[in-house]
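The chain contents come next:
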Amino acid sequence: MSIDNAPRLDGAGDVYPGPDETPAVAVPVEETVPAPKPSRSKAPLWRLLLRDRMATVAAAILVFVFLVAVFGPWLVGDAATDQNLDQSNLAPFHVANGWMNILGTDPLGRSMLARLIVACRTTLLVALPAVALSCIIGSLVGMWAGYHRGWRETTAMRVADVIMSFPSLLMAVVVLYVFSPSAANIVLVLAITRIPIYLRTARAESAELQSRLFVDAARTFGARSGAVIRRHVFPILLPTLLTVATLDFCYVMLAESSLSFLGIGIQPPDISWGLMVSQGRTYLQTAWWLSFFPGLAIVVTTVSATVLAAWARIATDPAQRWRLTVPRSRRSRLFPTRKVVS
């Protein structure tokens, strides 16, 4: 191709064909717009849970504990109460003793595995009702007092201050010492001592929400206070209450274990993890497994509930939920760790 027939460039940089070449026809190219990807922050909670390994493990442990409490006693039958003095204080992890005695036996020859399973149900039957009662009563009174303010708020807060002025564990010890120590009394005492936690939380949140614009709009359109609390205040307050309840579950379970350890909690022939620790403390030098395994069950369950509560607090907060969608490889760059220089 000669110099005269070579393509020429105009001032704008467009290429024009030479005199011997056929002009090129411009073919419009359709621009492909990528489809919008769904936001990870709007992903279901179970997907966000699977992205966090520690929270997933904690949730799996808690689900396993609840399944053991529901179906475990039915599976082990009477193995938790059957006595065999010939197999007294058998050491754990010996398959020759049988799978039911894999965690050893107590001084009466009863299976530690079966007793742990039965004690799991007793411990949860005390902790869950106590948390549920205190959460329901405290949150309802707190939302009512915080929304209406005035003398209602003052009365509710003074009652909460009176209850919190006494140490909860000491109050439980005194009440259970005066009355007969039973599961119902333990639930009642622990529920009363934990009511101020939910009452103060719900009061603070509802007092702040009652001045919001959407609450004012609902009142302007003639909605009653009960409907406003039920439709507008409670849904916003629910994630916080669930997080507090999860953490409080750990405290109540430890409180029940402490009361049983002191001898004023669950009484034989019933069994709980705290009572098993108390009964095995005299055999720590000769049969360590009598207190070790129920204590380990308490620690693992409470730590799992704490980890899951921390994850749930972030997952249910729209302002913090995006943190769970960041890949682990990018978290170190977004949230660098500061080095402390001595």
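No experiment lies behind these values; they were computed from the predicted model shown. (Residues numbered from 1 in each chain as written. Predicted model: local features only at pLDDT ≥ 70, side-chain atom pairs only at ≥ 80, totals over all residues. Heavy atoms only, no water.)

Let's shift gears to the packing of aromatic side chains. For the coordinates displayed, the defined rule picks out 6 aromatic pairs. Ring centres of Phe93 and Phe293 lie 5.9 Å apart, and the angle between their planes is 75 degrees; this geometry places the pair in the edge-to-face category. With a gap of 200 residues between them, Phe93 in the loop between α2 (53-76) and α3 (112-148) and Phe293 in helix α10 (residues 289-315) connect regions that are remote in the sequence. The exposure class of Phe93 is exposed, given its relative accessible area of 54%. Centroid distance Trp288 to Phe293: 5.9 Å. Interplanar angle 40 degrees. Geometry classified as tilted. For Trp288, a relative accessible area of 40% corresponds to the partly exposed category. Taken together, the aromatic side chains of Phe93, Trp288, Trp289, Phe292 and Phe293 make up a single cluster linked through ring pairs. (Phe/Tyr/Trp six-rings, centres within 6.5 Å; stacked < 30°, edge-to-face > 60°. Helix = DSSP H or I, 4+ residues; strand = E, 2+ residues; numbered from the N terminus. Buried < 20%, exposed > 50% of the residue type's maximum accessible area, 1.4 Å probe, protein only.)

Bending of α2 peaks at approximately 45 degrees at the position of Val70, with proline Pro73 no more than four residues after it. Every buried residue of α2 is listed here: Ala55, Ala58, Ala59, Leu62, Val65, Val68, Ala69, Gly72, Pro73 and Val76. Considering only its buried residues, α2 is in contact with α1 (45-51), α3, α9 (273-280) and α10. In this structure Asp52 caps α2, since a side-chain oxygen of it lies 3.2 Å from the backbone nitrogen of Met54. Backbone geometry just downstream of α2 places Gly77 in the positive-phi region, at approximately 65 degrees. (Bend = angle between axes of the 7 residues up to and from the residue. Contact = heavy atoms within 4.5 Å. Polar contact = N/O pair within 3.5 Å; in protein donor to acceptor, adjacent residues only side chain to side chain.)

All right, on to unusual backbone geometry then. Peptide bonds are mostly trans, and most non-glycine residues show a negative phi. With an omega dihedral of 10 degrees, the bond running from Pro268 to Pro269 counts as a cis peptide bond. Tracing the sequence through the fold places Pro269 in the loop between α8 (225-262) and α9. Although it is not a glycine, Asn89 adopts a positive phi angle of roughly 55 degrees. Here Asn89 is to be found in the loop between α2 and α3. Among the residues examined, Asn89 registers a relative accessible area of 27% and is labelled partly exposed. Located in the positive-phi region is Phe93, a residue other than glycine, with phi close to 65 degrees.

One can find Val299 in helix α10. On a C-alpha basis, the gap between Val299 and Leu254 in space is 9.1 Å, while along the polypeptide they are 45 residues apart.

Ranked by size, the top nonpolar core spans 60 residues in total, and within it Leu190 and Trp273 carry the most contacts. Of all elements in the fold, only α2, α3, α5 (168-178), α6 (183-209), α7 (213-220), α8, α9 and α10 reach the threshold of two or more residues within this core. Once you skip the residues sitting within four places of it in the chain, Leu190 turns out to touch Val126, Ala130, Val252, Ala255, Glu256 and Leu259. Grouped together as the second largest cluster of nonpolar side chains are 7 residues, Leu49, Ala59, Ala315 and Leu324 included. (Core = buried A, V, L, I, M, F, W, Y, C linked by side-chain atoms within 4.5 Å.)

Here we take up the packing of α5 against α6. Relative to each other, α5 and α6 sit at 145 degrees, their axes nearing to 10 Å. The element α5 and its partner α6 pack so that their crossing is right-handed. Side by side, α5 and α6 meet where Ser168, Met171, Ala172, Val175 and Leu176 of the first sit next to Asn185, Ile186, Val189, Thr193 and Arg194 of the second. Split by residue class, the contact of α5 with α6 holds 6 nonpolar, 3 polar and 1 charged. (Axes fitted to C-alpha atoms, helices over the stretch in contact; angles between N-to-C directions. Left-handed = near helix turned anticlockwise from the far one by under 90°. Nonpolar A, V, L, I, M, F, W, Y, C, P; charged D, E, K, R; others polar.)

At a minimum axis separation of 6 Å, α3 and helix α4 (residues 150-164) run at an interaxial angle of 140 degrees. Accordingly, the angle class assigned to the pair α3 and α4 is oblique. Note that α3 runs across α4; the crossing there is left-handed. For the pair α3 and α4, the contacting residues are Val141, Trp144, Ala145 and His148 in the first and Gly150, Arg152, Glu153 and Ala156 in the second. (Parallel < 35°, antiparallel > 145°, perpendicular 65-115°, else oblique.)

Within the structure shown, the criterion is met by 9 salt bridges. Between Arg115 and Asp106 there is a salt bridge, and its shortest N-O distance comes to 3.8 Å. Residues Arg115 and Asp106 agree in their burial class; the two are buried. The shortest N-O distance in the salt bridge between Arg158 and Asp161 comes to 2.8 Å. Here Arg158 pairs with Asp161, and both are found in helix α4, just 3 residues apart, close to one helical turn. Residue class for Asp161 comes out partly exposed when judged on its relative accessible area of 30%. Through salt bridges that share partners, Asp106, Arg110 and Arg115 make up one connected network. (Salt bridge = Lys/Arg side-chain N within 4 Å of Asp/Glu carboxyl O.)

No statement about biological role is implied by the geometric values presented.
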